[in-house]
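Here's the letter readout for the chains.
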Amino acid sequence: MADAPPRRARKERKPSKFQRAADGSMTLMEHLADLRQRLMIAVLVILVGTAASLALSKNVILFLADPYCASQHAVQETGDGLVGCNFNLQSPISHVSLYLKISLYMALVGTAPIWLYQLWAFIAPGLHRNERKYAYFFIGVAAPLFLGGAILAYFVVSHGMQFIMLLSGIGEDGFNINLDLEAYINFYIAVMMVFGIGFEFPLIMLMLNVMGLVTAKRMRGWWRIVVLVSFTFTAIFTPTPDPFGMTALAICMLLLYGVALIVATLNDKRKGITDEDQWDDEEASDISTSDEGLTADATIGASSLDDDDYPAENERRNRLGRRVDGYDDIT
């Protein structure tokens, strides 16, 4: 009987780039090449998004300028009627740079899923599976929180603009304010950035709880410090001088901290961590009684100085029978 033809061996699938990066088989040069490729993709996507956003940049500028244009101080009466939004520009090309800046910000927000994925694809192989799961959750929550802070900043500036314009003193004795359009837009973006970062603070505390560094009980004990830090942060970094913006951001931060505390409590219960497992900050430790301390001291005394310890030495003893090593008993 003729021998059967040998079967073709199945071609083993080559491990993917993710698997090779996860098991450490990629070389340093391959890691650098992967990083370069992902950075090029992210930069090209942002450039394309910037070019596409140029068509909408003017409408966005008018949208951001609307709170000031609606204020009483911006509307002035001239011979031709009422004129509002008396913005100035410092140079003939200031509007071009402003359009490019707004388009770049719009591209960063609009293309965030793409360039964030490129960043995530480079970092993810170095994480464990459960760490990647938590990272998906935090990235998914961080983006809406930042966007919510930016939206709140728009309404805060809209209401705060009326208060700011009142400080200028509308009327004959008031100041004639001619705002620079680029400085005004930068001011608006700074407020949005501060509010967006402020909304991320409770998420950072929740991340520390998930990592096991902070318990829910510890977070409850820090509520006074959190209130102080929230109002201090808003008072220092909020560009608007009105109290409305500072109070609104601080209250939102405290509400989000309360939500993070509830989630942290549920997470501790899932892990089996209870309040009794942790020492309280003001709880005294269990110290031995004075009788136990005296007993321990009594065992360390003359009994430890036994004659067998130094058999070859000449012994000198005092009146109490204790050995004196080279010293006279003057007591």
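Residues numbered from 1 in each chain as written. Predicted model: local features only at pLDDT ≥ 70, side-chain atom pairs only at ≥ 80, totals over all residues. Heavy atoms only, no water.

## So, the overall build of the protein
The number of helices and strands found in the protein is 10 helices and 2 strands. Secondary structure elements of the protein, listed N to C terminal, follow the sequence α-α-β-β-α-α-α-α-α-α-α-α. Taking as baseline every contact in the protein between residues at least 6 positions apart, the subset at least 24 positions apart corresponds to 72%. Accessible surface, the protein as shown: approximately 23200 Å² in total, 63% of it carbon and sulfur. (Helix = DSSP H or I, 4+ residues; strand = E, 2+ residues; numbered from the N terminus. Contact = heavy atoms within 4.5 Å. Areas by Shrake-Rupley, 256 points an atom, 1.4 Å probe, with all protein chains shown as cover.)

## As for the nonpolar core
By size, the foremost hydrophobic cluster in this structure holds 40 residues, and its most contacted members are Y184, I185, Y188, M192 and M219. Of all the secondary-structure elements, those providing two or more residues to this core are α2 (28-69), α3 (94-110), α5 (129-167), α6 (181-210), α7 (216-221) and α9 (243-271). For this core, the leading source of residues is α6, giving 14 residues. When neighbours within four sequence positions are excluded, M192 is seen to be in contact with L64, A150, A153 and Y154. (Core = buried A, V, L, I, M, F, W, Y, C linked by side-chain atoms within 4.5 Å. Buried < 20%, exposed > 50% of the residue type's maximum accessible area, 1.4 Å probe, protein only.)

## Looking at the packing of α2 against helix α4 (residues 112-123)
At a minimum axis distance of 9 Å, the contact between α2 and α4 shows a crossing angle of 170°. With respect to α4, the element α2 is oriented roughly antiparallel. Across the interface between the two elements, H31, D34, L35, R38, I41, A42, V45 and I46 of α2 pack against I114, W115, Q118, A121 and F122 of α4. Classifying every residue of the contact of α2 with α4 gives 9 nonpolar, 2 polar and 2 charged. (Axes fitted to C-alpha atoms, helices over the stretch in contact; angles between N-to-C directions. Parallel < 35°, antiparallel > 145°, perpendicular 65-115°, else oblique. Nonpolar A, V, L, I, M, F, W, Y, C, P; charged D, E, K, R; others polar.)

## Notes on the packing of aromatic side chains
Using the criterion set out here, one finds 7 aromatic pairs in the structure. An aromatic cluster is present here, built from F63, Y154, F155, Y184 and Y188 joined pairwise through their rings. (Phe/Tyr/Trp six-rings, centres within 6.5 Å; stacked < 30°, edge-to-face > 60°.)

## Examining the side chain of T234
Looking at where T234 falls in the secondary structure, it is placed in helix α8 (residues 223-237). Of the residues examined, T234 reaches a relative accessible area of 0% and is grouped as buried. Residues within four places of T234 in sequence aside, it is in contact with M246, L249, A250 and M253.

## Some details on a nonpolar patch on the surface
A contiguous nonpolar patch, built from L54, I93, V96 and L100 and spanning about 350 Å² of accessible area, is present on the exposed surface. Turning to its location among the elements, I93 is positioned in the loop between β2 (81-83) and α3. In this structure I93 comes out as exposed when scored by relative accessible area, which is 60%. (Patch = residues over 30% accessible without salt bridge, like charges linked within 9 Å, V, L, I, M, F, W, Y side chains within 5 Å. Salt bridge = Lys/Arg side-chain N within 4 Å of Asp/Glu carboxyl O.)

## Comments concerning α9
Between its first and last C-alpha atoms α9 spans 42 Å; for 29 residues at 1.5 Å apiece the expected length is 42 Å, and the two agree. Listing the buried residues of α9 in full gives G245, A248, L249, A250, M253, Y257, A260, L261, A264, N267 and D268. Remark: G272 follows α9 within two positions and exhibits a positive phi of approximately 85°. (Expected span 1.5 Å × (residues − 1).)

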